[in-house]
Amino acid sequence: MERDANVTIRTMSRGELDRVIQWAADEGWNPGLGDAAAFHLADPTGFHIVEADDGQPAAAISVIRYGERFGFLGLYIARPGYRARGHGMTIWRSGMEYLAGRTVGLDGVVAQQENYRKSGFALAHRNIRHQGVVPPVEAPDGLTSLTDMPFDTLLDYDLPLFGAPRAAFLSAWIGMPGVIALAAGASAESFQGYAVARPCRVGWKIGPLFADDPATADALFRGIATRLPANETVILDVPEPNRAALALAARFGLTPAFETARMYAGPPPDIDLARVFGITTFELG
């Protein structure tokens, strides 16, 4: 536990993470119903909270360490009634200190890009949130449950598309209650991509959607869509440089709703964006 002037900065408990994710829901971020458990397992000490001088939690941040050289910053939020008091900057400094010596990524709102630049972040690309109700689609062939695939195969495939190892997170992510997780290919030798969809406060978010080519991404998207309840909202966060991913979203009736600026402080990871048709989350990368 650390004190900064009249506030206390500390690691969140698992229960407090539920509370902070509810703050995010109250702000319209539409988190997944099971996000807290998977998020926490990614890095249990990577969730920081600041208490105001009245003892109440005032602001929070997630700063997840992946491997030895990368970290991702998200869930950066202050409670209404505690804003404009410096708590946001206090928790920001705590988070950046926790990730010192690493490249740090974030998905920030466009309006805050200049502030992030002042903290050493540079724009890599935009992520465009697409959403809509997918019309009936034909079920594809050649897909299997992702949990039937050897986990090492998944980790090897994921690494160049995320940019850092994240075994603990992925293990929890694909095992959340209600999740749909599909692999393209019937074996480790034929593995060509995977997709995960999770139920959210509103609709379902697909993420990640990683695939070797547009045809495989199309099959994975259709495989997810045919397994969702009818008339559900579908959300896909697409990296703008992947034009085939933008075309996929449009083809299935999803329209742009929101965007973020993917920024990095330090050398950006070498990610093959041509195979990234949907990022995992705005909060954890």
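Predicted, not measured: the structure shown is a model, and the values here were computed from it.

A. Expanded view of helix H3 (residues 87–98). The terminal C-alpha atoms of H3 lie 17 Å apart, and with 12 residues this matches the ideal 16 Å at 1.5 Å per residue to within 8%. Taken residue by residue, H3 has His87, Thr90, Ile91, Trp92, Ser94, Gly95 and Tyr98 as its buried positions.

B. How the structure looks around the side chain of Glu283. By the secondary structure assignment, Glu283 is in the segment after strand E14 (276–278). No salt bridge is formed by the buried Glu283, whose closest oppositely charged neighbour, Arg198, lies at an N-O distance of 4.7 Å. The residues touching Glu283, leaving out its near neighbours within four places in the chain, are Trp29, Phe39, Ser62, Phe72, Leu73, Gly74 and Leu75.

C. Examining the packing of aromatic side chains more closely. For the structure shown, the criterion picks out 14 aromatic pairs. An aromatic cluster of at least three residues, connected via ring pairs, comprises Tyr66, Phe70, Phe162 and Tyr264. Taking the ring centre of Tyr98 as reference, the NZ or CZ of Arg65 above it sits at 3.7 Å. It is Arg275 that lies over the ring of Tyr157; its NZ or CZ is 5.3 Å from the centre.

D. Region of the structure containing the domain arrangement of the protein. Parsing the protein into structural domains produces domain 1 (8–124) and domain 2 (129–278). Taking only C-alpha atoms into account, the centre of domain 1 sits 24 Å from that of domain 2. Between domain 1 and domain 2, the contact holds 35 residues from the first and 29 residues from the second. Summed over both sides, the interface between domain 1 and domain 2 buries roughly 2,600 Å², with carbon and sulfur atoms accounting for 61% of that surface. Connecting domain 1 to domain 2 are two salt bridges. Ionic pairing is found between Arg262 and Asp107, a salt bridge with its closest N-O pair at 2.9 Å. At the junction of domain 1 with domain 2, the criterion picks out 17 residue pairs in polar contact (both at pLDDT 80 or more). At the level of elements, helix H1 (14–26), helix H2 (35–42), strand E5 (70–78), strand E6 (103–109), helix H4 (113–118) and strand E7 (122–133) are the ones that each hand at least two residues to the side of domain 1 that touches domain 2. Per-element tally for the side of domain 1 that touches domain 2: the top contributor is E6, with seven residues.

E. Broad picture of the nonpolar core. Membership of the largest hydrophobic core comes to 45 residues, with the highest contact counts inside it found for Leu17, Phe39, Tyr66, Leu146, Phe191, Tyr194 and Val196. The element that contributes the greatest number of residues to this core is H1, accounting for five residues. Not counting the four nearest positions on each side in its chain, Phe191 is found in contact with Leu146, Met149, Thr153, Leu154, Tyr157, Ala183, Ala184 and Asp212. Among the nonpolar cores identified, the runner-up in size contains 27 residues, and Ala184, Ala217, Leu248 and Ala249 belong to it.

F. Expanded view of the packing of helix H7 (residues 214–225) against helix H8 (residues 243–251). Two elements in contact, H7 and H8, have axes whose closest approach is 10 Å; the angle formed by their N-to-C orientations is 35°. Handedness of the crossing formed by H7 with H8: right-handed. Counted together, Pro214, Ala217, Asp218 and Phe221 of H7 and Ala244, Leu248 and Arg251 of H8 form the full contact between these two elements. Here the contact of H7 with H8 is built from residues that sort into five nonpolar, no polar and two charged.

G. Inspection of the environment of Phe258 at higher detail. Here Phe258 is to be found in strand E13 (residues 255–265). The sequence separation of Phe258 and Gln131 amounts to 127 residues, and the corresponding C-alpha distance is 9.3 Å. Apart from the residues lying within four places of it in its own chain, the contact partners of Phe258 are Val109, Asn127, Ile128, Arg129 and Phe282.

H. Highlighting H8. Of all the positions in H8, only Ala245, Leu246, Leu248 and Ala249 are classed as buried. Down the axis of H8, the smallest arc covering the buried residues is 155°, so these residues share one side. Opposite the packed face of H8, turned more than 90 degrees from it, sit the exposed residues Arg243 and Ala250. If you follow the buried residues of H8, they end up packed against E7, H7, strand E12 (233–239) and E14. Capping the start of H8, Asn242 holds a side-chain oxygen 3.2 Å from the backbone nitrogen of Ala244, two or three residues further along. Directly beyond the C-terminal end of H8, a positive phi value near 85° is found at Gly253.

Rules and cut-offs
Residues numbered from 1 in each chain as written. Predicted model: local features only at pLDDT ≥ 70, side-chain atom pairs only at ≥ 80, totals over all residues. Heavy atoms only, no water. Helix = DSSP H or I, 4+ residues; strand = E, 2+ residues; numbered from the N terminus. Expected span 1.5 Å × (residues − 1). Buried < 20%, exposed > 50% of the residue type's maximum accessible area, 1.4 Å probe, protein only. Lys, Arg positive; Asp, Glu negative; His and termini not counted. Salt bridge = Lys/Arg side-chain N within 4 Å of Asp/Glu carboxyl O. Contact = heavy atoms within 4.5 Å. Phe/Tyr/Trp six-rings, centres within 6.5 Å; stacked < 30°, edge-to-face > 60°. Lys NZ or Arg CZ within 6 Å of the ring centre and 35° of its normal. Domains from an automatic or database assignment. Buried area = accessible area lost by both parts, 1.4 Å probe. Polar contact = N/O pair within 3.5 Å; in protein donor to acceptor, adjacent residues only side chain to side chain. Core = buried A, V, L, I, M, F, W, Y, C linked by side-chain atoms within 4.5 Å. Axes fitted to C-alpha atoms, helices over the stretch in contact; angles between N-to-C directions. Left-handed = near helix turned anticlockwise from the far one by under 90°. Nonpolar A, V, L, I, M, F, W, Y, C, P; charged D, E, K, R; others polar. Arc of directions from axis to C-beta.

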